[in-house]
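Letter by letter, the chains look like this.
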Amino acid sequence: MAPVPHRRFPAAASWPRLAALAVGLLVVGCASDRFPQTTFRPVSDAGEAINRLYGQIFWWAVFVFAVVQSALVVTLIRYRRRPGQGEPKQTHGHTLVEIAWTLAPAVILVVIAVPTVRTIFRLSGTPPAGALQVEVTGHQWWWEFRYAELGVVTANELHVPLGQPVALAITSADVIHSFWAPRLSGKRDAMPGRTTRLVFTADSVGTFLGQCAEFCGDSHANMRLRVMVDSPAVFAAWAARQSAAPPPLDSSDALVLRGEEAFRRIRDPGNHSCVACHTIAGISGGALGPNLSHVGSRTTIAGGTLRSDSAGIARWLHDPPGVKPGSLMPRIELTDDEIAALIAYLHSRK
Ligand code: CUA
């Protein structure tokens, strides 16, 4: 068999295509809203500190790259083999050069280490007085946010006030997860039996996406989160609503009443019921799944993967493991009428 000729470089004809691809990628990279999880547009002091540190290290890396590559190119050209030339002079050991190439990287490493260590301590240090304390618990596969001082428990959507320091105390109920809202802060592991900390102060109102950043099982990719930065007034109103009892059931709404009944009902076989795992204020249930007392005020369900509108909840109730593979919530045989009633009931829990 004839050997297959191989070319080291793409054929000349494909260079324009490669160039077009490169320009395309560059342009896409500049489109700011295409990357909601970019770390380059921070919206908090912590994100800003990380981005600044990244910038410093990047330019040091550029400097080192330029020096090393220039030295390499100069050496290759200047000392290349020429016809008729014998073996070059052999050198063994050069004290000055060796001291120089040991000292120079050491100095650069120190220059990088000082701001790095300072930033690390700043991000995980003691929270400032007046910080909003939030306990964050990673679960397979959703996030629980508990504001002990405010009497608020919610899931997947972390509300924080603009301009007030927020101190997260992060842990896990099962395996190791990692809390990451890239525009607000760096990643922080959530480990069972341990508490890690993150402190940041948000400086822009808006909704910022995040997700679990440590592989934690089948639905790791479905463990999303949102950080909602609210103005202080909006945050206070949100917290007041969340800490109060949900509105009483509208006794004239038969669908909502049927939904509440369906929520409480124990089903056989399998003993499955909503209340076994979920608590709604007024109905003490389990704590295996998210607290649903105010689920009607959240924008998403199912680890932040589905909208909380009727279609989203219906899709979830029909087949939880189909939406979130490995989901602890099993598939329960619910009739379409029960699902419609549950949607109405859950939407009424604001
Ligand atoms: Cu939790 Cu990955």
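How each quantity is defined
- Residues numbered from 1 in each chain as written.
- Predicted model: local features only at pLDDT ≥ 70, side-chain atom pairs only at ≥ 80, totals over all residues.
- Heavy atoms only, no water.
- Buried < 20%, exposed > 50% of the residue type's maximum accessible area, 1.4 Å probe, protein only.
- Helix = DSSP H or I, 4+ residues; strand = E, 2+ residues; numbered from the N terminus.
- Pairing = 2+ DSSP bridges.
- Arc of directions from axis to C-beta.
- Contact = heavy atoms within 4.5 Å.
- Polar contact = N/O pair within 3.5 Å; in protein donor to acceptor, adjacent residues only side chain to side chain.
- Domains from an automatic or database assignment.
- Buried area = accessible area lost by both parts, 1.4 Å probe.
- Salt bridge = Lys/Arg side-chain N within 4 Å of Asp/Glu carboxyl O.
- Nonpolar A, V, L, I, M, F, W, Y, C, P; charged D, E, K, R; others polar.

Engineer: Break down the pairing of strand β4 (residues 157–161) for me, citing the residues and quoting the values.
Structural biologist: Buried residues dominate β4, accounting for 5 of its 5 residues. Alternating positions in β4 separate into two faces, Glu157, His159 and Pro161 on one and Leu158 and Val160 on the other, with burial throughout. By the bridge criterion, 5 bridges tie β4 to strand β10 (residues 224–230) in an arrangement that is parallel. Among the inter-strand pairings, His159 is bridged to a residue of β10, identified as Met228.

Engineer: Can you break down helix α5 (residues 254–264) residue by residue, with the values?
Structural biologist: Of all the positions in α5, only Val256, Gly259, Glu260, Ala262 and Phe263 are classed as buried. Relative to the axis of α5, the buried residues are bounded by an arc of 160° and lie together on one face. Where the residues of α5 are buried, they touch α8 (336–348). Two or three places before Leu255, at the opening of α5, Asp253 has a side-chain oxygen 3.2 Å from that residue's backbone nitrogen.

Engineer: Account for the domain arrangement of the protein, with residues named and values stated.
Structural biologist: One can read the domain layout of the protein as domain 1 (37–72 + 96–244) and domain 2 (254–348). A straight line from the C-alpha centre of domain 1 to that of domain 2 covers 32 Å. A combined buried area of about 1500 Å² lies between domain 1 and domain 2, and 47% of that area is made up of carbon and sulfur atoms. By the criterion of area lost to domain 2, the three top residues of domain 1 are Trp141, Trp142 and Glu157, representing 30% of everything that side buries. Inspection of the region where domain 1 meets domain 2 yields 0 salt bridges. Our count for the contact surface shared by domain 1 and domain 2 stands at 10 residue pairs in polar contact (both at pLDDT 80 or more). When contributions to the side of domain 1 that touches domain 2 are tallied by element, the ones reaching two or more residues are β3 (152–155), β10 and α4 (232–243). Looking at side-chain class alone, the side of domain 1 that touches domain 2 contains 7 nonpolar, 5 polar and 5 charged residues.

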